[in-house]
Amino acid sequence: MKRWIKRGLLACAAGLVVAVVGGFAYVHALDLDSQPPARADSTVADLDFMRDAMPATRGKILAVVTSTSHFPGGEKKAGFELTELARAYYVFRANGYEVDIASPQGGSPPMRLDDEDMVAADYAFLNDTDARRKLDDSLRLAEVDPAHYAAVYFVGGKGTMFDFPDNADLQGIVRTVYQAGGVIGAVCHGPAALLEVVLDDGTPLLRNRRVAGFSNAEELFLIKDARARFPYLLQDRLQEKGAQYVEGPMYVDTTVVDGRLVTGQNPWSTWSTAEAMVRALGHEPVARAPGRDELAVQVLAAYHRDGIDAARRARTARPDADKRLLLMHALVAGMQGRLGEAWQLQTLALG
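About the cut-offs
Residues numbered from 1 in each chain as written. Predicted model: local features only at pLDDT ≥ 70, side-chain atom pairs only at ≥ 80, totals over all residues. Heavy atoms only, no water. Buried < 20%, exposed > 50% of the residue type's maximum accessible area, 1.4 Å probe, protein only. Helix = DSSP H or I, 4+ residues; strand = E, 2+ residues; numbered from the N terminus. Axes fitted to C-alpha atoms, helices over the stretch in contact; angles between N-to-C directions. Parallel < 35°, antiparallel > 145°, perpendicular 65-115°, else oblique. Contact = heavy atoms within 4.5 Å. Nonpolar A, V, L, I, M, F, W, Y, C, P; charged D, E, K, R; others polar. Pairing = 2+ DSSP bridges.

Focus on helix α10 (residues 270-280)
Phase 1 of the analysis: Counting buried residues along α10, eight of its eleven residues qualify, which places the element largely inside the surrounding structure.
Phase 2 of the analysis: Those residues of α10 lying buried are T270, W271, T273, A274, E275, A276, M277 and V278.
Phase 3 of the analysis: Where α10 terminates, the next one or two residues include G282, which has phi positive at roughly 100°.

Some words on the packing of helix α13 (residues 323-335) against helix α14 (residues 339-350)
Phase 1 of the analysis: Running from amino to carboxyl end, α13 crosses α14 at an angle of 170°, the nearest separation of the two axes being 8 Å. Here α13 lies roughly antiparallel to α14, going by the angle between them. Two secondary-structure elements touch here, α13 through K323, L326, L327, H329, A330, A333 and G334 and α14 through L339, E341, A342, L345, Q346, L348 and A349.
Phase 2 of the analysis: Of the residues assigned to the contact of α13 with α14, the class counts are nine nonpolar, three polar and two charged.

Remarks on the sheet that holds strand β3 (residues 98-103)
Phase 1 of the analysis: One open sheet holds the seven strands; their spatial order is β5-β3-β1-β6-β7-β11-β10, and the pairing between them is mixed. The sheet terminates laterally at β5 (139-140) and β10 (255-258), the two strands that pair on one side only.
Phase 2 of the analysis: Both strand β7 (residues 183-187) and strand β11 (residues 261-264) contribute to a ladder of four bridges, which runs parallel. Each bridged residue has a counterpart across the sheet, and for I184 the counterpart in β11 is L261.
Phase 3 of the analysis: Contacts from helix α6 (residues 168-179) reach β1 (60-64), β6 (151-154) and β7 within the one sheet, and its direction differs from that of β6 by about 140°.

Okay, here's the thing in structure tokens:
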């Protein structure tokens, strides 16, 4: 018996050594150090597309963020997502629009930062004196004159689910801008702003409109008890209001354009939502090299649309695709029991 126990322990030890060595080899093969994170001291001058920015002669766009800092009860943080503001802010600026920032209560709104998802544009915003001044002293919605704006863009963040839908000032701004021929855009949880908007002829803005927004699958993956914590789930409520909800893969860029209404499903839809708004305003966006995160999302889109072979071709064509983002999607697939998909996605990270 002792002999078998000894052999078993030796086998376990050998297996552990193999696993550790294999783990080191795997991490080495990924070479994550070859893709360092964005520099925290990035400035507007570091953004390639801002070097060719047009002068602000095309008008103004209003970006709206939430004022709600916490879920009811005060324990779980809400707020708005910096990434969904900063990236759109510079797209609008680069394409000749001045950008104002507003919130339901005005003043300094509650910002959420996710260091793992930050790119140069996000840090540039934090280091941009003019942008921070606008954010720290955001306009109160009740004081906004919608006649001054060619478009309104609603930034996502969980706080929007609480203070956007029933805000009469917000509804009036959307109604006025839209009926004057302007563009309405929103990303992630931002479409919550559109739920109760009714046009002057009595037609709900969302009725029979194709829209995107944070999906039930995405919400419930992040917050298991989301149905209890939120007063509604955004996908459900959009459909209840008569919208034709368009659902893309989890955490992959999905932007839907329905005339002058532009909506994006999640944070990775921010760039495309902002640029689609510029097109809806009648202009082709200035050239902008996609970041590593966007390249990774393009690989993921190819995978979900056309399968692993197409994704491998897309990955070969995009050697700078963000490995960490590809690995994150592999982890999500694994956590949901989609082990084959998890394996295929992690092979894409290896390149």
